[in-house]
Every structure is written in C-alpha cells, then in structure tokens.
Amino acid sequence: MITVTTTSSSTRAKRGGEGKPLLSIRDFKVEYRTGSGATVQAVRGVDLDLFPGESVALVGESGCGKTTLGLGLLRLLPRLGHASGQVTFNRGDGTEIDILGLDGRDLRQFRWRDAAMVFQGAMNAFNPVLKIRAHMHDTMRAHTKFTKQEIEDRAGELLRLVRLEPSRVMDSYPHELSGGMRQRVLIAMSLLLEPEVLILDEPTTALDILTQRSVVDVLHEVRERLGFSMIFISHDLSLAAELADRVATMYAGRIIETGGVRDMFYRPRHPYTLGLIKAVPPIVGDLPDMESIPGGPPSLAALPPGCTFNPRCKYATEECKEEDPPLLPITDEPGDAHEAACIHWKDVHLQREVPSDLGNAS
Amino acid sequence: MSALEKSPETAGRAPLMTLGGVSQVFHTKAGPIRAVDNINLSVNPGEVLCLVGESGSGKTTAARMAAGLARPSSGEVAFEGTDIWALKRDDFTNFRRSVQYVHQDPYASLNPTRTIQQTITAPLLKHGVVKSKKAAAERAVELLTKVDLTPAENYLSKYPHQLSGGQRQRVAVARALTLDPKLIIADESTSMLDVSIRISVLAMLGRLRDDLGVGFLFITHDLAIAKYFGWHGKTAVMYLGRIVEFGPTPKIINAPTHPYTRALIDAIPEPDPDLTKTKGRESLRSLEIPSLAHLPSGCTFHPRCPLFEDGLCDGAVPELVTIRSGQSAACHVVARDGVAALDDEARSDEPRA
Ligand SMILES: Nc1ncnc2c1ncn2[C@@H]1O[C@H](COP(=O)(O)OP(=O)(O)OP(=O)(O)O)[C@@H](O)[C@H]1O
Ligand SMILES: Nc1ncnc2c1ncn2[C@@H]1O[C@H](COP(=O)(O)OP(=O)(O)O)[C@@H](O)[C@H]1O
Ligand code: SF4
Ligand code: SF4
Ligand SMILES: [Mg+2]
Ligand SMILES: [Mg+2]
C-alpha cells in the first residue's frame, strides 16, 4: 500500500535550527571553465546549514550564483562546471553522505530520494513529446519497484496535493498546461520519492500574480503536510519574506549575510541586504521612500579588491578595499545565527516603519 | 463618471491621448477573439496612466493601438484631440514621433550591429532633428546623461550585448527621447530588470515625467511597480480585454472595489515577513483564466469570483460605473451594494494619500 507520508513537521523535523543539520555545506566552490584554459569562480566558499524542516531562501541579484549553488549541491552542474568543498547529507537513519564523492547509482538514488530540484523555467524541465503520465511513470520506474497501479495512485495523490485534477493532468502534454499548472506538476513530481530536501529555483518567476499565489499556497500546504526542508532561490524578496524561515543573501558568489527571516527583513546588517530590501516597493500603505543600489554586480572575471561590494557601498571606507570580510556574528542583538560579512555592520541599520500591531513579537 | 471623465485637478488640461470605445478583434483558428473590448482611457501631459492586469488581458494590444502601431477594429484613438487614423500622412508621421514605445525586452528592440552612438544618432539624423553628425553626437551625449549613463563617452562605442539589462533599457529610453516625445508608452519596461536596478530606472523615468512633462502610458503586471511609478496618476485594471476598475492609483491600491482588483492585491506577497503571513486572502473559486475565444457569459470574472451571485453575475455584462468619487468598477454586486458589499475591516476605506 502506498500513502503519502503525512508526518507532521513537528515529528519528522524540528523547525528553526535545532539538532543536527540535514545538509551541511562547508567552503563550497564552483568553477566554470570559460574556454582557452580560463575559469571563473561562480561560487566562492559558501558555508550553509539546512536543518530538518527548515526553509531557507537564497536571494540576490541576477548572476550572483544562486542557481549555480543549487545545481552544485545536487551535482547537476553542466559539464564545464566543477564543484569542490564539503557537502554532507545526514540521512534520517543516521548515515552521513559525502555528496561530492557520490557517483553512479548512489548519486541517482540521492538525487530523487534524498533531495530533488525544481528548475528555473518550468517548460524546459519536461520532455515536450511525453504526457505527464509518462513523466511520472519514468521517474518512479527508474527509482522504485512500484507496479503501474501503485505509480498511478502515488502520482494521483501528489497531484491532488498540489490542487490538480489527476484525471485531467495525467493525460496532458506539458504544452497543454498553463504555466502555473506545469509548475505545480513539477513540484508534485519532485516529491514522488519523498525527498527530505527540495531545492526550488525561482518557482514562481514568470507566473502571473494569481497563479504565483496558488503556487505559493501549494508550497505552504505540501510543506506542512510532508515536512521536507527546502532551499528556494528567488530574486523576489517578498517571496522570501513569505516562505522562508531563514534567508541567505548572495553577492558575487558568496553568502554575505544570513539570519532568521525577521532579523533579515527588520534588522539587516549588511549594506547589500539593506539595499535590496529598500528597493522593493511594498503594496500596502502610502508611497514609500525607495532607494536603489548604484551600479551592478561585478564581473566574476574581475572582482574588485577587498569587499566585493565596496564600489557600490555607501558605507565603504578605505579599509574595505583591503580584504574580503568573512561572515561575522551579529552580537548586539538577541538570538544567534545572524551573520554578516561586513566590517562596518555595527553602523548599518534599517529605518523602516514596522506596523505597530505586528512589530514587537520576536 | 467614466474613465474618460476628468478629475477636477486635470479638468483644465486637454488630454494628450484618448482611447474612445476602442476594440481590437483578432481572427484566430479558435474563432474571432476580442483582445480589447470597448475601452475608454485618457492620458494628460505629464501624467501617468497605469494599465495593469495579468498576461493576456490585452494591455499590449491596447498600447499598440495607442501608439498607432495597430488600427482598432472599432472606436477612436485621438492624439491632442484628433483621430489619428484621419490624419494626413505628414501629421501621422509627426504623431508617431510624439508617441514613443519602449518595449519589455530592450535586447530585442535594439539593433545588435549598431553601437550605442549609432542607435541614438540615427533617428536624429533621419528626421533632421539635428543638422550635422557633430551635433548628433553632442545630442547623444546629452541624452545618455539624461538617462544616467554617465560618463556618456564610456557607452558611445559599445554594442548592446556589452551592456547590462538595466543599461540597455536606459539606451532604449534615450533613443525614445531623441524625437522629443510627448507621450511614452512603457510596456513592461522594467519587468526584466533586477529589483535594485528597477527602482533607479523608474526614478529616471519619473524625472522625465516631472522635468520634461512627458505623459506616460505605463503598462505592468506588477501592482507594486504601478503604485510606485503611478502614485500621482490613475490606474486602469484590465481583465480579459475589458477595464474592470479605474481610479486614482492610491485608491486602486489601498481601497480597491472590484473583486478582481482585490484578489490581485491580496495575492501579492509583501516584503515584510509578519505582514505577508497575516495578510487576509480570500480564495478564488477557480484558478483558471477563461479563453478569450470562449468567454463566460455576463461578467467574465464570474467563474472565479468569490462574490458571485447566480443569475445576476452570469446575466448581463456589467458596465463600468462610479462606485465612489473618481473610482469606477464594472461589477453588479459592488454597483448594487456599494462598498458595503466588500465588508473588509483589514483594509482602510480611504487611502492615506
Ligand atoms: N555554464 C556556465 N559557464 C560559464 N559561466 C557560467 C555558466 N553558468 C553560469 N555562469 C556564470 O556564473 C555566475 C552565476 O550564475 P547563476 O546562474 O548561478 O546566477 P543566479 O544567481 O542564479 O542568477 P539569476 O537570478 O539570473 O538566475 C554568472 O556570472 C554566470 O554568468
Ligand atoms: N496578433 C495577434 N493575433 C491573435 N491574437 C493575438 C494577437 N496579439 C495578441 N493576441 C491575443 O490577444 C490577447 C491579449 O494579448 P496582449 O495584448 O498581448 O496581452 P497582455 O499585454 O496584457 O499580456 C491574448 O489572448 C493574445 O494571445
Ligand atoms: S565591508 Fe565595507 S564595502 Fe563591504 S559591505 Fe561592509 S561597509 Fe560596505
Ligand atoms: S459582477 Fe459578480 S462575478 Fe463579476 S466581479 Fe462582480 S460580483 Fe464578481
Ligand atoms: Mg538563476
Ligand atoms: Mg504584454
């Protein structure tokens, strides 16, 4: 008998960074070969822990290395990409897996059963000549000994979980579905083998707002039901505010600030995170004061010396050109796990109106 | 009051552009579709009119008619009071110069084989705006400076592929400015830009609006962007080819009346974790957007609308009528019950603008 495991997040996972991390990433690097022997470092030494049941958002401008990090973690980089460092996956049964050392069958197992990814640009993830049914069956047959009927049942269950009607969707070709439906099919497919980690790359970008809302609501629901952990990549900060327990900001291939979602949005301490937040207009309330970040991210081939953000940073001093600051713990506020890679973090404060009835809980 | 009627503060000024009862019908395999169905809009000099709605709602089709790039199937497009399709050839050319269209994707609209200097000087020379190549080059520097590409000399010899998305969009705007337009139609012009860059491009457009008095037909699916750019102007919300709500932008954003506008605004996540998690959201009855080839009867939003009333909503097509001062909506229930139909404590009735 097959049922979708509906272990609540509290039994399968403790939220909020307790216990042993599910995924532990240390000094993770990705290089791309760009021809004639040259390489660029798209990810430059990332440390990140993903705890059971947790949802971490990776935010940052285009080209900061978010997708590359996600692909690298699941060993899905294109041929010219090379990952190094240490990525450990702690299975529920106590086994530790060195992801960068996996190959062959173990790697395939890891990819769907332990961790799965929903890619940026939903259409490309499907084979256009196969119906959704074939996609579901192929995935399950490659990884399980399920019978046809068992696969049908399982696929149907997951499709209903993402609020799709299996009888209609299973017999459709990808192009016959709307963007939002395709995105939800992908989420259902990625959950077929009950992975403990789901990586979603821009899950709602390019979707209309009402469709985006339905995908976000579905993500809330399935996460509540299935209790998996997720890393989701988005340049939309509002989405991070809604879906993340923790946020990590990437800039020029590094994580430059990380902390709980409330710390990051109400008390960002890296000028780049602060700049991103100030550039997003809220929808409720009066016309806000907006500010943009001057310039754009640096070319990976010619990073500025010292802190890579210094040419755009209004807090920059001469000292900032000397070395690229490591992540430093923010020590002047309660709680831990808030870190920023800025030597002047003590001077960085967000001035903003927090709605008075909401702003005091911590 | 209709969308065409002027609010008191603009009553003195003649509108730059009006769309009067304009429709566009496309003949497709599935049969004729009304991509734009009988819309009325007007833009005044130096003012912003935002056109918002989901993809396929007819925004681009309406904008192309406003720009004179497509002829309406019926209705009138007037520029400074004159029907553009009744203009003599020279006058039509003048109209086309006065109204510039800035596309969503600057990469597709800039010629990849031309340098930035050539891109900007070509229209100047072609239309005889300047007399010499030297004067054209000087004007190019001025225009690049105006769109914050400074020092301009660094950009003149570059090709579009050597620029970032934001820089390319600035070049597209600089090119649009070569002929001193009175109206800029910006169709999703900032949608492809990163958040950080989007605000600076919008600030630059805002300066053109304020300093040069350029009017804007500003098209976006992002209501937060419409709010930011069009706060002092008006916003029209489109759904399946029709305008379903119209009014001053602060009212549309903070006190929407049409169930579709309300659903759009509720659906938007806020860049504030506490707020976005506690925001009240009514669910729609269906997620599917009907096809234009098979429109639902009566109010086309009825299969999805949380306020749907059997017999009323699927009967006649609701007209756009005034709900309260300056704000109109096309909804039977809101027209009948007024804002009482909305019963919403979370949302303040009057914007604090
Ligand atoms: N196959 C590749 N070969 C060479 N460089 C690459 C390759 N793929 C990505 N890069 C470079 O790596 C950097 C990071 O790219 P990545 O796609 O991870 O960014 P991202 O943060 O996901 O951006 P976006 O928000 O646009 O999706 C960029 O500078 C990009 O140009
Ligand atoms: N040239 C065309 N031929 C047929 N249908 C079209 C054409 N242009 C647009 N449409 C249709 O008209 C509708 C409105 O499109 P559009 O104006 O591009 O919407 P928006 O800009 O709001 O996304 C869509 O259903 C679209 O497919
Ligand atoms: S280290 Fe200096 S340049 Fe870098 S973010 Fe901090 S203040 Fe700015
Ligand atoms: S007319 Fe009826 S269905 Fe249409 S928006 Fe109003 S309440 Fe909803
Ligand atoms: Mg990406
Ligand atoms: Mg469009």
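Everything in this summary refers to the structure shown in the same document. None of these values were measured; they are calculated from a predicted model.

Conventions used here
Residues numbered from 1 in each chain as written. Chains lettered and ligands numbered in written order. Predicted model: local features only at pLDDT ≥ 70, side-chain atom pairs only at ≥ 80, totals over all residues. Heavy atoms only, no water. Salt bridge = Lys/Arg side-chain N within 4 Å of Asp/Glu carboxyl O. Helix = DSSP H or I, 4+ residues; strand = E, 2+ residues; numbered from the N terminus. Buried < 20%, exposed > 50% of the residue type's maximum accessible area, 1.4 Å probe, protein only. Polar contact = N/O pair within 3.5 Å; in protein donor to acceptor, adjacent residues only side chain to side chain. Contact = heavy atoms within 4.5 Å. Core = buried A, V, L, I, M, F, W, Y, C linked by side-chain atoms within 4.5 Å. Domains from an automatic or database assignment.

1. Overview of the pattern of salt bridges
- In total, this model carries 39 salt bridges over all chains according to the counting rule given.
- E221 of chain A is paired through a salt bridge with R163 of chain A; the nearest N and O atoms lie 2.7 Å apart. Of this pair, E221 of chain A sits in helix 8 (residues 209–226) while R163 of chain A sits in the loop between helix 5 (148–161) and helix 6 (166–169), placing them 58 residues apart in sequence.
- For E221 of chain A, a relative accessible area of 35% puts it in the partly exposed group.
- Relative accessible area serves as the criterion here: at 39%, R163 of chain A is assigned to the partly exposed category.
- Salt bridges here are not isolated pairs; linked through shared partners, they connect R213, D217 and E242 of chain A together with R281 of chain B.

2. Details of the side chain of R170 of chain B
Residue and element names in this part refer to chain B.
- Summarising the element assignment, R170 is placed in helix 7 (residues 165–177).
- Owing to a relative accessible area of 9%, R170 belongs among the buried residues under this scheme.
- Separated by 3.2 Å, the side chain of R170 and the backbone oxygen of V147 make a polar contact.
- Not counting the four nearest positions on each side in its chain, R170 is found in contact with V147, D148, L149, I197, S200, V201 and M204.

3. Concerning helix 4 (residues 116–126) of chain B
- Of the residues making up helix 4 of chain B, those classed as buried are I116, T119, I120, T121, P123 and L124 of chain B.
- Trailing helix 4 of chain B by a residue or two, G128 of chain B shows a phi angle of about 65°, which is positive.

4. A look at the nonpolar core
- Ranked by size, the top nonpolar core spans 102 residues in total, and within it L23, F28, V46, M136 and V185 of chain A carry the most contacts.
- When residues are assigned to domains, this core turns out to be shared by domain 1 (4–244) and domain 2 (251–347) of chain A, each giving three or more.
- Beyond its immediate stretch of four places on either side in the chain, M136 of chain A contacts I151, A155, L159, M170, V185, A188, M189 and L192 of chain A.
- Of all hydrophobic cores here, the second largest spans 64 residues; its members include L202, L205, V214 and I225 of chain B.

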